[in-house]
Amino acid sequence: MKSIKARILIFTLANILTISCVTSGVDRRTSNLDQLLIENPDLTLKDYLRRVSGVQVQERGGDVQVFLRGVSSVTGNNSPLFIVDGSQVGTSYSAVENAVDINDVASIRVMRSSEAMTMYGMTASNGAIIIYTKGNR
C-alpha cells in the first residue's frame, strides 16, 4: 500500500514540476525586461534607475553602485553592463553618468542576465542597462 501511495505522490509531484517549469518559462520572458521612459529631466539617472523594479542603487560617499536583484557573481563584480545607444560603456555607473546627459536620454531598458548574455556575451552576465538617447531612438 505504501508503494502505491509513494508512486501517486511521485507522479503528482512530477506533474506539478512540469506545469511549473512550463509556466515559469513563459513568465520569465516577460519579466526579464523592464523599460522606463524619461519624462522629468530634473531627476538624475540614478533616480530613474531606482524606479525600475529589481534595480538596486547604493550610494557610499560619492560612489554609486547599481545592482540587479537576483544577480550575483563569484568574482565579486555584480554590476550590470551599461550600454548607451548600442555602445558598451562598461560596468561603472560613474562612466555612464559622465557619458550621457539625462536631458538627452529618451528611455532606459533593463535586461536580466540571461537575455543580456545572449546579446552582449559574458560581459553582461550580471544583466544590462540599456540607455537610448533622443537622437538615436
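Position numbers for residues count from 1 along each chain, tracking the sequence in the order it is written. Per-residue local features are limited, in this predicted model, to residues with pLDDT of at least 70; the limit for side-chain atom pairs, both in listing and counting, is 80 or more; totals at the level of whole chains, interfaces and linings are taken over all residues. Excluded from the side-chain calculation are hydrogens and water; included are all heavy atoms of the structure.

*Asks:* Outline the overall build of the chain, supporting the account with residue identities and numerical values.
*Replies:* Note on conventions: DSSP H or I runs of at least 4 residues are helices, E runs of at least 2 residues are strands, and numbering of each starts at the N terminus. Secondary structure assignment for the chain yields four helices and seven strands. In the chain, the succession of α and β elements from N to C terminus is α-β-α-β-β-β-β-α-β-α-β. Exposure categories follow from relative accessible area, calculated using a 1.4 Å probe and restricted to protein chains: below 20% of the type maximum is buried, above 50% is exposed, and the middle band is partly exposed. In the chain, which comprises 137 residues, the proportion classed as buried is 32%. We call two residues in contact when some of their heavy atoms are within 4.5 Å. Partitioning the contacts of the chain with sequence separation of at least 6, the portion at a separation of at least 24 is 54%. Here the Shrake-Rupley method, with its probe set to 1.4 Å, supplies the accessible areas, and only the displayed protein chains count as covering residues. Split by element, the accessible area of the chain, about 8700 Å² in all, is 54% carbon and sulfur.

*Asks:* Which residues make up the environment of Leu81, and what values go with them?
*Replies:* Checked against the element boundaries, Leu81 lands in strand 4 (residues 81-84). Taking relative accessible area as the criterion, Leu81 reaches 1% and is therefore assigned buried. As a C-alpha pair, Leu81 and Ile129 span 48 residues in sequence and 6.2 Å in three-dimensional space. Those residues within four positions of Leu81 in sequence are excluded, and the remaining contacts are Gln88, Gly90, Thr91, Tyr120, Thr123, Ala124, Gly127, Ala128 and Ile129.

*Asks:* Quick one: what's the story with the pattern of salt bridges, residue by residue and with numbers?
*Replies:* For this document, the term salt bridge refers to a Lys or Arg side-chain nitrogen within 4 Å of an Asp or Glu carboxyl oxygen. Scanning the model with the defined rule gives three salt bridges in all. Among the ionic pairs, Glu59 bridges to Lys46, the shortest N-O distance being 3.0 Å. Placement of Glu59 in strand 2 (residues 55-60) and of Lys46 in helix 2 (residues 45-50) is noted, with a sequence separation of 13 residues between them. Judged by relative accessible area, which is 40%, Glu59 ranks as partly exposed. Residue class for Lys46 comes out buried when judged on its relative accessible area of 17%. Between Arg50 and Asp47 there is a salt bridge, and its shortest N-O distance comes to 3.6 Å. In this pair, Arg50 and Asp47 are both assigned in helix 2, three residues apart and thus about one turn of the helix distant. Given a relative accessible area of 38%, Arg50 falls into the partly exposed group. Each member of the salt-bridge network shares a partner with another, and the members are Lys46, Asp47, Arg50 and Glu59.

*Asks:* Outline unusual backbone geometry, supporting the account with residue identities and numerical values.
*Replies:* The general pattern is negative phi for most residues beyond glycine and trans for most peptide bonds. Its identity is not glycine, yet Asp85 carries a phi of approximately 50°, on the positive side. Looking at where Asp85 falls in the secondary structure, it is placed in the loop between strand 4 and strand 5 (87-90).

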